Amino acid sequence: MNQKQPIVRKRDEQFATRTVTRIWDEEPSAENPYLARSCRCHGYDILELARKRSFVDVLFLIFQGELPSPNKAKLLETLMIITMNLGPRHPGTRAAMNAGVGKTNTAHILPISLSVISGSHLGGEEVVEAMHFLRKKRKFSPREIADDLQNSPRPLKGDWHIVPGFGSRFGDIDPMPQQTASLLLDLQGDWKTLQWGDDFSKAIKPHNLGWLSTGVTAAVLCDLGFHPRAGAGIFQILSAPGLFAHGLEMANKPLTAMPFLDEEHYIIEKKDP
Amino acid sequence: MKKKIHRSDFSFWDTHRGTIHSTIGGWIIGEAVYCHGYDMMEELIGKASYFQVLVLNITGRLPERRLAECIEAIFLCVSYPDSRIWCNQIGSLGGTLRSSPVAAACAGILASDSRMYGAGTLLAGIELTKNVVKLKRSGMTVEDIIKSYQRTPKSPPVMIGFSRPIASGDERIETLDQTTKQLGFERGEHLALAYEIQEILLQKTGEGMNLLGYIAPFFCDQGFTPQEIYRLVSIMVNSGVLACYAEAADNPPESFFPLHCNDIDYQGPASRPVPDKE
């Protein structure tokens, strides 16, 4: 061995001998231990769940370990409908459409667009950060928090997210998240984080700022008992149907079905020194 | 009749259970990192190029540096920093939403697994390359080979590797051909035939060889298998995607190519009430 090389020693760490999960239990078949003859999700037989419960109930169960109350199930289902499609102008959806019209393998449309909506602007990371913000601040007065924040630095160009999940979109208050928050607040239940967020959005309204879609999702996930680390992935699961539908809509259309800017509109500029 | 008793045989999977068997190498902690028999620290890093090790990792064969330089040139040929190109635009869209560069690059690379462009076209291009050589060896003329790719006598031949989206002609072919020549590579059987096909197609349809039309026969001439070629070029658009990501990520969020509501041409049903549940 080369004498100049530092000595590399394996650390004395104890790794698990078997992978641990609390989510899923598989009972092996009598004939073949690689095959399961029954599966239980947090103790419930999956076939029994399929017979008796809704998709939303089991979605909640797989993450939280218990079936939801009727109010929580309704809140999650309503959020799922609201978040199902980010719309054809959203950059995440446009990534899906680009992949579709570009004849990308259709199995890749969803992972492509989910990767694009993973970020800190109207994406999964912003949901996570908004959940952290809401959990940390919801015990304080929303108006006081808004007042404390009003002098925080505003970007010279583009939108201002005063805190994750709240701000402007294209220079204004985005009307859709305000309406979806109101709809969700009308549902039966005591949705403390959602209510706090709504009060906060009203407090920042004079600055032409309000709820963002990521903020609404974050507040609902907090009220449903999700940890912030689940926020990005749940947001991606909820947004997936619209992303894939728009990508798929483009997949059998000709390449010319989407704009391809001509040279007049693709301007190569010199960079400022 | 005697009832047939089914006996499960899962012994094959049992031989793999709890162990990983590898012929490519690995990290023997405190000893060395082996890569297809080479000691990575002693024999590769600082001595071989990234592209030589890429070929070694994928094929198990350490190529000459000049072949690795050809592959690097091929990667450069798909590194256009133009956000109109589909995979690159996905990089831009990731940048404008502040996804991580890794997420955006992966998304862009995935997009290039396409039937129309990028690595996804490779297997079909190689199949054509191998088929036309087989037909030539069987005695067919180049004219007749091209005719065999026409659906009807009057329709144009459909030959992947000899047309290109957006533009006809390909500015990369001459530069790449000069590069391979300078590195001492002669045109082999597959590439020479591709040029013969191009000559006739240019007269007949005005369509010439595209990058796929060049690299598929080039790699075949160098003795790579189709799967090896697909794996070698799988991430080749990475650089252009990241160029577009970087520009969008350095500008304000959602300022990349924003759209008005009316920039989308909705052609679905007009507004209608939602029926009540039955």
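Residues numbered from 1 in each chain as written. Chains lettered and ligands numbered in written order. Predicted model: local features only at pLDDT ≥ 70, side-chain atom pairs only at ≥ 80, totals over all residues. Heavy atoms only, no water.

**Observations concerning unusual backbone geometry**
Glycine aside, negative phi is the norm for most residues, and most peptide bonds take the trans geometry.
And then number 1: The residue L122 of chain A is not glycine, and still its phi comes out positive at about 55 degrees.
And then number 2: Inspection of the secondary structure puts L122 of chain A in the loop between helix 5 (109-116) and helix 6 (124-137).
And then number 3: Relative accessible area serves as the criterion here: at 3%, L122 of chain A is assigned to the buried category.
And then number 4: In this structure, H36 of chain B is a non-glycine residue whose phi angle is positive, near 50 degrees.
And then number 5: You can see H36 of chain B is positioned in the loop between strand 2 (32-35) and strand 3 (38-39).
And then number 6: Classification of H36 of chain B by relative accessible area gives partly exposed; the value is 21%. (Helix = DSSP H or I, 4+ residues; strand = E, 2+ residues; numbered from the N terminus. Buried < 20%, exposed > 50% of the residue type's maximum accessible area, 1.4 Å probe, protein only.)

**Some remarks on the domain arrangement of chain A**
Residues and elements named next belong to chain A.
And then number 1: Each assigned domain of chain A is listed with its residue range as follows: domain 1 (24-68) and domain 2 (80-251).
And then number 2: In this complex, domain 1 contributes six residues to the contact, which on the side of domain 2 involves six residues.
And then number 3: With both chains or domains summed, domain 1 and domain 2 bury close to 500 Å², and 81% of this area falls on carbon and sulfur atoms.
And then number 4: Taken as a group, L59, F63 and Q64 account for 69% of the area that domain 1 buries against domain 2, more than any other trio of residues on that side.
And then number 5: When its residues are assigned to classes, the side of domain 1 that touches domain 2 shows five nonpolar, one polar and no charged. (Domains from an automatic or database assignment. Contact = heavy atoms within 4.5 Å. Buried area = accessible area lost by both parts, 1.4 Å probe. Nonpolar A, V, L, I, M, F, W, Y, C, P; charged D, E, K, R; others polar.)

**Side note on the interface of chain B and chain A**
And then number 1: The partner chain A presents 46 residues to the 45 residues of chain B that form the contact.
And then number 2: Summing the contributions of chain B and of chain A, the shared interface buries around 4000 Å²; its carbon and sulfur component is 64%.
And then number 3: The largest contributions to the chain B side of the interface with chain A come from R84, L97 and E254 of chain B, which together make up 20% of the buried area.
And then number 4: The interface formed by chain B and chain A holds two salt bridges in total.
And then number 5: E263 of chain A serves as the salt-bridge partner of R84 of chain B, at 3.1 Å between the closest nitrogen and oxygen.
And then number 6: The interface formed by chain B and chain A includes 19 residue pairs in polar contact (both at pLDDT 80 or more).
And then number 7: Breaking the side of chain B that touches chain A down by element, the ones donating at least two residues are helix 1 (11-16), helix 2 (40-44), helix 5 (86-96) and helix 6 (101-111) of chain B.
And then number 8: Of the residues that constitute the side of chain B that touches chain A, the class distribution is 26 nonpolar, nine polar and 10 charged. (Salt bridge = Lys/Arg side-chain N within 4 Å of Asp/Glu carboxyl O. Polar contact = N/O pair within 3.5 Å; in protein donor to acceptor, adjacent residues only side chain to side chain.)

**Here we look at the environment of I215 of chain B**
All names here are of chain B.
And then number 1: Turning to its location among the elements, I215 is positioned in helix 11 (residues 211-221).
And then number 2: Put simply, I215 and E42 are 173 residues apart on the chain and 33 Å apart in space, counted from C-alpha to C-alpha.
And then number 3: Once residues lying within four places of it in the same chain are set aside, the contact partners of I215 are I74, L122 and L176.

**Things to note about a positive patch on the surface**
And then number 1: On the surface, R135, K136, R138, K139 and R229 of chain A cluster together into a positively charged patch.
And then number 2: Residue placement: K139 of chain A occurs in the loop between helix 6 and helix 7 (142-149). (Patch = residues over 30% accessible without salt bridge, like charges linked within 9 Å, V, L, I, M, F, W, Y side chains within 5 Å. Areas by Shrake-Rupley, 256 points an atom, 1.4 Å probe, with all protein chains shown as cover. Lys, Arg positive; Asp, Glu negative; His and termini not counted. Charge placed at Lys NZ, Arg CZ, Asp CG, Glu CD.)

**Some thoughts on the domain arrangement of chain B**
And then number 1: Entries for chain B in the domain assignment read domain 1 (27-63), domain 2 (72-113 + 235-252) and domain 3 (119-232).
And then number 2: Once you take the C-alpha centre of each, domain 1 of chain B and domain 2 of chain B turn out to be 28 Å apart.

**Some thoughts on the side chain of S115 of chain A**
And then number 1: Note that S115 of chain A resides in helix 5.
And then number 2: Overall, S115 of chain A belongs to the buried group, its relative accessible area being 18%.
And then number 3: At a separation of 2.7 Å, a polar atom in the side chain of S115 of chain A contacts the main-chain carbonyl oxygen of P111 of chain A.
And then number 4: Ignoring anything within four residues of it in the chain, the contact list for S115 of chain A reads S99, A103 and A107 of chain B.

**Focus on the sheet that holds strand 2 of chain B**
Residues and elements named next belong to chain B.
And then number 1: Here we have three strands laid out as an open sheet, ordered 1-2-3, and antiparallel in their pairing. The sheet is open, and its two borders are formed by strand 1 (25-28) and strand 3, each paired with just one other strand.
And then number 2: Pairing analysis gives four bridges linking strand 1 to strand 2, with the strands arranged antiparallel. Across the sheet, I28 pairs through a bridge with A32, a residue of strand 2. (Pairing = 2+ DSSP bridges.)

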